[in-house]
Structure formats: C-alpha cells, structure tokens
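Examination of the molecular architecture
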Amino acid sequence: MSVPAFTGYGEHKLHSLSPQQLAHVREVGLALFQGRGLQAEHGGLINVLDPKPLQDTKGNIDGTGQEFQRSEAGTRQRRQGSPGGSRQPWRPSDPHGTVLHRAFLSAEAPAALRQHYTGVKRWKELGGKGVWLAVSVFPVGMEGPQADFIIAVPRNPTFRIVAWGFWRMKDGPIWMGPKHTNYPDGSSCAFPVNSGVWTEDHGITAYVDRLAEWSMRHLYLDAEGLWPGPQEGDHIYYRLRHTHPRECCTRCWQLEPYQSCCQALDQKESAAGDREDFIALYGSDVAEQRPHSRLLRWMERMRGAPPSMSRIHPSLRATRELACGSDD
Ligand SMILES: [Zn+2]
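A brief structural summary. For clarity, every value in this text was computed on a predicted model and none was experimentally measured.

Turning our attention to helix α8 (residues 293–301). Side chains three or four residues apart in an α-helix point the same way, a direct result of the helix having 3.6 residues per turn. All of the buried residues in α8 are Leu295, Trp298 and Met299. All buried residues of α8 project into a common sector of 105° when viewed along the axis, lining one side. Facing away from the buried side of α8 by more than 90 degrees, the exposed set consists of Arg297 and Arg301. Next to the buried residues of α8 lie β5 (118–124), β6 (130–137), β7 (147–154), β8 (162–169), β9 (172–175) and α9 (309–312). Met302 occupies a position one or two residues after α8 and carries a positive phi of about 55°.

Once that is clear, we can look at the coordination of the zinc ion. The reference angle at a metal is 109.5 degrees if four donors form a tetrahedron and 90 or 180 degrees if six donors form an octahedron. Donor atoms from the polypeptide that bind the zinc ion are Cys249 (SG), Cys252 (SG), Cys261 (SG) and Cys262 (SG), placed at 2.2 to 2.3 Å. Taken together, the four donor atoms coordinating the zinc ion and their angles of 96 to 120° define a geometry best described as tetrahedral. Going along the chain, you hit the donors of the zinc ion in the pattern C-x2-C-x8-C-C. Classification of Cys262 as buried rests on a relative accessible area of 11%.

This paragraph deals with the pattern of salt bridges. Tallied over the full model, the rule gives 10 salt bridges. Where Glu213 meets Arg210, a salt bridge forms, and the shortest distance between an N and an O atom there is 2.9 Å. Separated by three residues within a single helix, Glu213 and Arg210 lie in helix α4 (residues 203–224), roughly one turn from each other. Exposure remark for Arg210: the relative accessible area of 1% places this residue in the buried category. Each of Arg239, Arg251, Asp266 and Glu269 takes part in one network of salt bridges that share partners.

This brings us to the packing of aromatic side chains. For the structure on display, the rule yields 11 aromatic pairs. A ring pair is formed by Phe278 and Tyr282, whose centres lie 4.7 Å apart and whose planes are at 35°; its orientation type is tilted. Of this pair, Phe278 and Tyr282 both sit in helix α7 (residues 274–282), four residues apart, which is roughly one turn of the helix. Comparing Phe278 with Tyr282, the two get one shared label, buried. Cluster of aromatic residues (ring-pair linked, three or more members): Tyr183, Tyr237, Phe278 and Tyr282.

With that settled, the discussion passes to unusual backbone geometry. Across the junction of Gly177 and Pro178, the peptide omega takes the value 5°, indicating a cis bond. Here Pro178 lies in the loop between β9 and α4. A cis amide bond links Tyr183 with the next residue in sequence, Pro184, at an omega value of -5°. Looking at where Pro184 falls in the secondary structure, it is placed in the loop between β9 and α4. Backbone geometry places Met302, a non-glycine residue, at a positive phi of 55°. On the basis of relative accessible area, Met302 is assigned to the buried category, the value being 14%.

Scoring rules and cut-offs
- Residues numbered from 1 in each chain as written.
- Predicted model: local features only at pLDDT ≥ 70, side-chain atom pairs only at ≥ 80, totals over all residues.
- Heavy atoms only, no water.
- Buried < 20%, exposed > 50% of the residue type's maximum accessible area, 1.4 Å probe, protein only.
- Helix = DSSP H or I, 4+ residues; strand = E, 2+ residues; numbered from the N terminus.
- Arc of directions from axis to C-beta.
- Contact = heavy atoms within 4.5 Å.
- Donors = N, O, S within 2.8 Å, 3.2 Å for Na, K, Ca; no water.
- Tetrahedral: all angles 85-135°; square planar, octahedral: opposite > 155°, others 65-115°.
- Salt bridge = Lys/Arg side-chain N within 4 Å of Asp/Glu carboxyl O.
- Phe/Tyr/Trp six-rings, centres within 6.5 Å; stacked < 30°, edge-to-face > 60°.

Remember that the coordinates give geometry; whether it matters functionally is a separate question.
Structure (structure tokens):
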C-alpha cells in the first residue's frame, strides 16, 4: 500500500499583485504563521492586529478563545485563541441556529452590511424559502483583488447558512477553492462551526469579516503556495493529501509545521481503505469538490435572482464539515 502524499494545490499565481500589495499579503501571512490576530477594516481590508508576536504561540492561550471589539474607527478586531470550542459538526438542534438565521433573514441586514462593505444585494427566494445575500470584499484594499461572496440563508434553520467565494477577474468569476472549502458543494470553510470564531453576538458584519480574512489567506496561498496559519483536517486521507508539509499541522491545529508535527504519525497510521472511507463520508475525492455549475454561471453576471437554493443544495444539511482554515 502506498501512503497518500501531498501533490500540490490547484491554484497558484492567479493574481498580479503590485509590490506593495504583495508585501501586505506576505506580512499578514507571516503573522498568521506566528499565531497573531487579524482585523478587518472598511471594505474587508485585512491587517495584522497585534503589533508584536504573542509570547506564547503554541496554542496555550486559555480562556474562551476570542476577544471581539469594535474600535471607534470602525475597525473590527479579533484576537487569536486556542481552538477551545467543540470539534463536533454543526447540529440542526443548535439553539443559536434560529437566531443566526433571523439576523440574516432580516430586511435590515443589507443596510447593516453596507456600512462596512460594498456590493451588498439581497434576493428573496421564491416561496419564502430563504434569502440570498451578495457582498464584495477587498482584502488588500479597493485597488486590489475583489472577492464576491454569495451567501445562502435558508429560512429553515435546520439548514446551514453557507457562502461561496469567487474572485472577480477580467474574464469572469473564479471560484475560491478547493483549499478550505466544504465537501461536496465547494462553499467557503472560513471558520469551524461551533468554534466560537463567529457567533450570533458578532453579527452579520463580523461574519463577512471572517470571509474577508479567509479571502486574504487565499491570496497568500495564491502568492506563496502555502495556506497561512492554523488549520484543521478531520480525516487522515485529507491531511496527507491536502496539507503542504510546511503548513501548520492539520491534525492537532497547532502552529507547528505538519512535517515536524503529525505528518509522520499520519503516514504511520495510514490504512488501505482511507481514500474509500473519505469519499464515502464527504462525497468526492480530496480537492474535487466544486460549486454547482448554475451558481458559477449566475456569478458571471449576477443579474436577476440567483438559482434556486434547493437546486443548488438539495440538502444543505448534507454539507459536511471537513476542514477549516481559520485562526481559531
Ligand atoms: Zn500535529
């Protein structure tokens, strides 16, 4: 039996960044590798929160994990914390689910988002089944790459709120993936559900802030070929196939590079049926998840209502949490 090995990511050097933008992306990426926090500013501009590296960057920060505050300047800050929260997948019975959905379904949601973000649009799904929200983020500023997110909010709180990200390129939208997107629908996996990285108290703007941070990580991946900062991967086959040896360990969520942390252990524990087990659980092979073709086509023009939510996702509930690249 051959042990699965990392074979690279499908995305690289998509963006032509100016020297200043590239320096910005690298600064944020290096900060993430050091376990430092980020802050989102107007339009989704992402900067490093802490002026100095944390004393203890090995994930031993105790407490609940996040510290969230809004400065007078409108900067939204979040400190890094230990994973802390549950690793359990999202459960429909989550009492917060209903509240979260109400916040997103609210007619005031677009106005709240427009105070901080551009490109905000809202469409009601036919039959009152939910709403779609669109928003644009600019992780390195308004002159840099534009990421458009489309967020599906089913009215039924047993179905998750999910978002897909697309780079707005000259020749059309390009899906932000497959790294740290959900299986099998390719939606953004910007933070682990139930990790406390984002809760109802943080609100809609903070949700989009997390998407902006995730976009910044993708910019770093595009420029440097590495996913920056802590990340998780629940399945051994996924970890071996989709963790660059120099990236943070996906097995134990720490800052230590996978190659000097748990890679050898994963290789030792690797078994013949891992791939089949993964596909049975997640619905496709590693990195073969994709957004629905109708959604991709609609993103080209974003005119008229988005495709039917139930068609894009016969069961949003079936979306499985696999791995999330966030600094939780
Ligand atoms: Zn490890």
